[in-house]
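# Structural description and commentary
Given next are the chains, with one letter for each unit.
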Amino acid sequence: MAYKRQIDRLPIPPKDATVHNVTCHYCIVGCGYKAYTWPRNKQGTPKENAFGIDLSEQQPADGTWIAPSMYNVVRQNGKDVHLVVVPDHDCVVNSGLGSIRGARMAENRPSYVTGTQQQRLGDPMVWRNGVWQPTSWDDALDLVARVTARVVTQGSEDDLVVSMFDHGGSAGGYENTWATGKLYFESMKIKNCRIHNRPAYNSEVHSSRDMGVDELNYAYKDYEVTDTIFVVGANPLETQTNLFLNHMVPGMRNGAKFIMVDPRRTVTINAAEQVAGKDNVLHLAINEGTDMVVLNAILTQIVDNGWIDREYVANNTFQNGEAQPLDDGHPAGLGSLDYAMESCRTTLAQAAEICGVAEADIAKAAEWIAKPKEDGTRRKCVSAYEKGIIWGNDNYRTIGAMVNISLATGNIGREGGGCCRLGGHQEGYYRPSDAHVGRPAQYIDQMLIRGGGKVHHVWACDHHKTTLNASEFKRVHKRRADMVKDAMDAAAGGSREQLVDAIVGAVNAGGLFVVDVDIIHSQIGQNAHVILPACEANEMNLTSMNGERRLRLSERYMDPYGNSKPDCLIAAGIAQKMERVLREMGRDAYADQFKGYDWETEEDAFMDGYHKGNPDVTYERLRAMGNNGVQEPVVGFSGGKLIGVERLYTDGQFTRHGREDKKALFCAAGWRGWQAPGKAREKANHRFWINNVRANIFWQNQFLDQENDFVQDRFPYPFIEMNADDMAELGIGAGDLVEIANENGATQGMAYPTDTAKRGHVAMVFGSPAGSQGNVVNPGVNELVLPDYKHTWGNIRKIANATPRVKSVTFKSKEYKPA
């Protein structure tokens with residue numbers, strides 16, 4: 001890696017280097033880092049440096065040291081400065097560990113000196129004369145406001161479609177979600193909106209919340225003191241690396257057993273076997289989409305053997321049959337344990353037949369989770385789940401079945417327990433009420449495909465890479481956007497009023513005016529008519545919380561790239577322009593709704609939003625809490641420290657559903673086969689199951705790594721993991737380019753032989769800019785418009801031999817095999 005950047009030595013931070021608190025902005029784990037900045041003409045010595053250690057001596061692997069990926073030269077207050085970002089040993093999240101993503105934060109910063117990340121957007125751009133032309137913020141925001149105001153006043157706010165993030169980290173956070181929420185849910189009442197990774201504005205965990213259980217309710221330390229770690233539909237070593245290494249591994253070393261429910265064998269299972277021993281690891285390699293059945297069978301075993309926590313169930317859960325009937329907003333009834341068991345009861349034989357796993361293994365899982373110890377004490381179990389069931393079959397009921405087990409065994413609100421999603425990105429959601437959106441929410445992708453909507457505001461989303469039915473979505477979105485581009489080209493040289501008239505005429509004829517806010521020129525941004533450049537974490541101060549609700553301030557240590565701005569200030573600029581334009585239109589009452597955006601900094605947005613709801617929390621106080629922060633909810637401030645809550649529901653009061661009785665509800669999670677339309681037919685007609693997976697080396701849709709040589713040398717094309725015998729039958733060699741096709745579309749990637757892959761099973765990396773798995777996913781969604789990305793089937797053919805770029809790729813097994 002060093003040779004690519006011509007680095008044969010690294011500067012040493014001097015003792016007086018400025019130190020900044022940094023939370024890694026990639027995955028939900030939120031590891032703590034320290035960023036050191038200092039002038040270019042200065043550096044420390046091996047014995048006199050900011051680390052306070054003797055760098056003339058060899059440092060241990062877990063010590064403090066700098067790799068080339070941890071170094072860059074960035075702009076700070078208009079001057080070039082050295083930057084080093086290293087893991088924070090004092091942060092309880094990672095204890096000095098750095099992931100392959102977080103430890104590359106420095107090199108993934110834009111630099112005019114080293115040339116990194118020059119793909120970043122630096123100026124607003126408007127489509128003019130057949131190309132995107134740079135322009136001023138005033139000009140770009142004026143056009144956005146004029147078109148948006150004209151459309152929503154001539155028609156209605158339903159003509160404005162919004163795609164927006166609901167996350168923390170990177171460009172998310174409480175500052176930015178508040179600003180977009182205030183703009184679209186307070187100043188306006190936009191109903192046609194969607195989330196970055198799903199085609200409607202909804203939760204991914206409706207059932208857990210409806211049962212009264214917030215999906216992030218434990219502390220990471222619970223893994224270290226538990227008896228059993230139960231993971232379903234997740235691969236934490238790959239995607240929550242330091243949660244696994246710094247918390248799950250110590251738990252297994254302390255004696256915890258490890259259960260994994262996953263159709264494929266992953267590196268997490270391999271690593272758990274190395275740590276805990278194969279006798280203490282149980283892999284339930286189910287048939288795809290049958291998670292709910294094995295969960296219900298485990299619950300049945302627990303109930304029938306009397307292993308439930310009777311006192312916990314009696315005191316903390318609803319007792320009187322049905323509390324919430326099945327209806328359009330609740331895809332399963334909710335109520336007492338006995339009520340739920342009427343639907344959930346599943347024998348070992350039934351589960352084995354449907355899931356394809358041995359009865360004895362299901363029974364063993366139930367024992368490891370709930371059978372009391374020899375001294376009669378209850379077992380503690382941490383249950384964790386993620387996209388395998390969130391983006392899987394029958395989302396609502398499957399997640400409900402998972403939470404059922406934890407409630408029945410009394411493992412929520414207790415040390416060494418919890419039932420939590422592992423998460424993708426950090427959380428930073430703080431917005432006004434979205435109740436007006438409704439439930440189920442509008443299926444936005446299909447609405448746009450049908451010709452609905454006239455203006456599309458896109459915030460840090462790229463649906464070309466991260467949506468289902470992507471082939472059709474891309475075709476229609478481009479066709480509608482091109483109608484507006486043609487109209488704008490025809491109006492070239494005219495006045496602003498004539499340009500707006502041309503755009504409005506085009507959208508009234510079926511076109512779509514697209515505004516894209518992002519940090520790079522994304523694929524969906526190719527359709528945009530106005531592009532607004534955003535900055536990201538550490539180019540601004542940013543607050544968000546991790547998977548144990550740990551809130552931190554990740555401090556700004558460098559200037560935004562070019563003329564880019566925080567999303568919150570971009571939202572404020574749109575609001576200010578909307579107010580002015582609406583007043584010019586004589587719509588004073590409507591214009592008044594856009595008051596209150598006179599923010600000059602991201603801290604102003606934070607104080608306007610999150611602080612008003614949490615008055616104890618300020619930047620100053622968060623800064624003082626360092627990288628350990630405070631676990632939400634924040635309940636006070638005392639002795640110079642913010643006071644948080646280590647784990648939720650320790651008092652047995654379940655509140656996420658809003659019920660006055662504060663009793664948790666069980667879910668009647670009855671099995672009903674494939675829930676999303678078209679899945680059964682697709683499976684019957686194609687040879688390969690095309691699973692959707694993540695990779696450790698990059699994050700989400702590779703938005704920065706597509707210009708990173710280290711990453712692209714490892715995976716120059718999206719990998720498609722295949723069984724070697726399947727490859728041989730099809731005449732496919734390692735690294736060959738292959739096409740996956742079905743009636744939904746086609747996509748392309750690099751064949752990657754994997755000795756643990758089952759025949760007929762394929763795992764394709766998610767969100768690659770060079771090939772989208774969403775191209776072959778049908779438009780069928782689970783109830784409440786939850787996408788089933790995980791289950792699609794297609795046929796595979798070779799389209800080309802391995803290219804010269806593949807010569808740098810190793811196809812050795814990803815599993816760790818000790819000598």
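Throughout, a residue's number is its position along its own chain's written sequence, starting from 1. Per-residue local features are limited, in this predicted model, to residues with pLDDT of at least 70; the limit for side-chain atom pairs, both in listing and counting, is 80 or more; totals at the level of whole chains, interfaces and linings are taken over all residues. Hydrogens and water molecules were not included; the side-chain quantities draw on all heavy atoms of the structure.

The next point concerns the overall build of the protein. For helices the rule is a DSSP run of H or I covering at least 4 residues; for strands it is a run of E covering at least 2, with both sets numbered from the N terminus onward. Secondary structure summary: the protein contains 24 helices and 32 strands in total. Taken over C-alpha atoms, the radius of gyration is set against a globule rule of 2.2 Å times the number of residues to the power 0.38. Its C-alpha radius of gyration of 26 Å places the protein within 12% of the 28 Å reference for a compact globule of 819 residues. Taken along the three principal axes of its C-alpha coordinates, the protein extends 80 × 65 × 65 Å. Remark: exposure states derive from per-residue accessible area (1.4 Å probe, protein chains only) relative to the maximum for the residue type, with buried under 20%, exposed over 50%, and partly exposed in between. A total of 819 residues make up the protein; the buried ones form 65% of that total. In what follows, a contact means two residues having at least one pair of non-hydrogen atoms within 4.5 Å. A fraction of 77% describes how many contacts in the protein between residues 6 or more apart in sequence connect residues 24 or more apart. In short, Shrake-Rupley with a 1.4 Å probe defines the accessible areas, and a residue's cover is counted only from the protein chains shown. In the structure as shown, the protein presents an accessible area of about 28,200 Å², 47% of it carried by carbon and sulfur atoms. Positive and negative side-chain charges in the protein, numbering 89 and 101 respectively, have mean positions lying 2 Å apart. In this tally Asp and Glu are treated as negative and Lys and Arg as positive; neither His nor the chain ends contributes. The location of each charge is read from NZ of Lys, CZ of Arg, CG of Asp or CD of Glu.

Now for the domain arrangement of the protein. Per the annotation, domain bounds derive from an automatic or database assignment of domains. When the domains of the protein are assigned, the result is domain 1 (18-108), domain 2 (125-196 + 441-538 + 568-610), domain 3 (206-426) and domain 4 (679-806). Taken together, the contact between domain 2 and domain 4 spans 18 residues of the former and 22 residues of the latter. Buried area adds together the accessible area that both of two parts lose upon being put together, with accessible area traced by a 1.4 Å probe. Taking both sides of the interface into account, the surface hidden between domain 2 and domain 4 amounts to around 1,500 Å²; carbon and sulfur atoms contribute 56%. When a carboxyl oxygen of Asp or Glu lies within 4 Å of a side-chain nitrogen of Lys or Arg, that pair is called a salt bridge. Where domain 2 packs against domain 4, one counts 0 salt bridges. It is helix H15 (residues 470-490) that provides the largest number of residues to the side of domain 2 that touches domain 4, a total of 3 residues. Broken down by class, the residue content of the side of domain 2 that touches domain 4 amounts to 6 nonpolar, 8 polar and 4 charged. Under the scheme applied, nonpolar residues are Ala, Val, Leu, Ile, Met, Phe, Trp, Tyr, Cys and Pro; charged residues are Asp, Glu, Lys and Arg; polar residues are all the others, including Gly.

This paragraph deals with the packing of aromatic side chains. Pairing of aromatic side chains here covers Phe, Tyr and the six-membered ring of Trp, requires ring centres within 6.5 Å, and sorts the geometry by plane angle: under 30 degrees stacked, over 60 edge-to-face, intermediate tilted. Across all of its chains, the model carries 25 aromatic pairs by this definition. A ring pair is formed by Tyr 218 and Tyr 220, whose centres lie 6.1 Å apart and whose planes are at 75°; its orientation type is edge-to-face. Overall, Tyr 220 belongs to the buried group, its relative accessible area being 1%. The interplanar angle of 50° and the centroid separation of 6.2 Å between the aromatic rings of Phe 715 and Tyr 752 together place this pair among those described as tilted. One end of the pair, Phe 715, is in the loop between helix H23 (709-714) and strand E26 (719-722); the other, Tyr 752, is in strand E28 (residues 745-753), with 37 residues separating them in the sequence. Neither Phe 715 nor Tyr 752 differs from the other in exposure class; each is buried. Three or more aromatic residues link up through ring pairs in this structure, and these residues are Tyr 174, Trp 178, Tyr 430, Phe 606, Tyr 610 and Tyr 619.

Let us now look at the sheet that holds strand E9 (residues 228-232). Ordered in space as E11-E10-E9-E14-E15, the 5 strands form an open sheet in which the pairing is parallel. Only two strands of the sheet have a single neighbouring strand rather than two, namely strand E11 (281-284) and strand E15 (419-421). Taking the axes of each pair of neighbouring strands and ignoring which way they run, one obtains an average angle of 15° across the sheet. Any two strands with at least two DSSP-identified bridges between them are counted as paired. Strand direction decides the pairing type here: E9 and strand E14 (residues 381-385), joined by 5 bridges, are parallel. Its bridge partner lying in E14, Phe 230 is registered against Ser 383. Axis angles are defined between N-to-C directions and span 0 to 180 degrees, where every axis is a line fitted to C-alpha atoms and, for a helix, only to the segment in contact.

A few words on the packing of helix H1 (residues 137-154) against helix H16 (residues 496-508). Running from N to C, H1 and H16 cross one another at 50°; their axes reach a closest spacing of 10 Å. Relative to H16, the element H1 is oriented oblique. At the point where H1 passes H16, the crossing takes the right-handed sense. For the pair formed by H1 and H16, the contact residues are Asp 139, Asp 142, Leu 143, Arg 146, Val 147, Arg 150, Val 151 and Gln 154 on the first element and Arg 496, Glu 497, Leu 499, Val 500, Asp 501, Ile 503, Val 504, Val 507 and Asn 508 on the second. Throughout, the term roughly parallel applies to angles under 35 degrees, roughly antiparallel to angles over 145, roughly perpendicular to angles from 65 to 115, and oblique to all others. Note: crossing handedness is left-handed where the near helix turns anticlockwise from the far helix by less than a right angle, and right-handed where it turns clockwise.

Take Gly 173: it is sitting in the loop between strand E7 (160-164) and helix H2 (174-187). The buried category is assigned to Gly 173, whose relative accessible area is 0%. Between the C-alpha atom of Gly 173 and that of Leu 284, which follows or precedes it by 111 residues, the distance is 37 Å. What Gly 173 contacts, discounting residues up to four positions off in sequence, is His 167, Gly 168, Gly 428, Leu 542, Thr 543 and Ser 544.

UniProt positions are given in the numbering used here, feature names are shortened, and annotations may be inferred rather than shown by experiment. Here, the residues flagged by UniProt with the feature "domain: Molybdopterin oxidoreductase" (unreviewed entry) are residues 120-575. In this annotation, residues 120-575 is assigned 39% helix and 15% strand; the end-to-end C-alpha distance for the span is 25 Å.

Those residues carrying the UniProt feature "domain: Molybdopterin dinucleotide-binding" (unreviewed entry) are residues 688-784 in this numbering. With 13% helix and 33% strand, the stretch residues 688-784 has end C-alpha atoms that lie 28 Å from each other.

Let's shift gears to the state of the cysteines. Whenever a pair of cysteine sulfur atoms sits within 2.5 Å, that pair is classed as a disulfide. Here the structure, examined in full by the defined rule, presents 0 disulfides. Its sulfur unpaired, Cys 91 is 7.0 Å from the next cysteine sulfur, which belongs to Cys 31. Left without a disulfide partner, Cys 461 is nearest to the cysteine sulfur of Cys 193, which lies 11 Å away.

Note that Lys 465 resides in the loop between strand E16 (455-459) and H15. Every residue in contact with Lys 465, bar those within four places of it in the chain, is listed here: Gln 523, Asn 701, Gln 706, Phe 766, Gly 767, Ser 768, Pro 769 and Ser 772.

Burial of strand E17 (residues 513-518) is extensive: 6 of the 6 residues sit out of reach of the surface. Sheet topology places E16 next to E17; 5 bridges connect them, and they run parallel. By the bridge assignment for E17, Val 458 is matched with Asp 516. Both E17 and strand E18 (residues 530-533) contribute to a ladder of 4 bridges, which runs parallel. Note on E18: the bridge partner recorded for Val 515 is Val 530.

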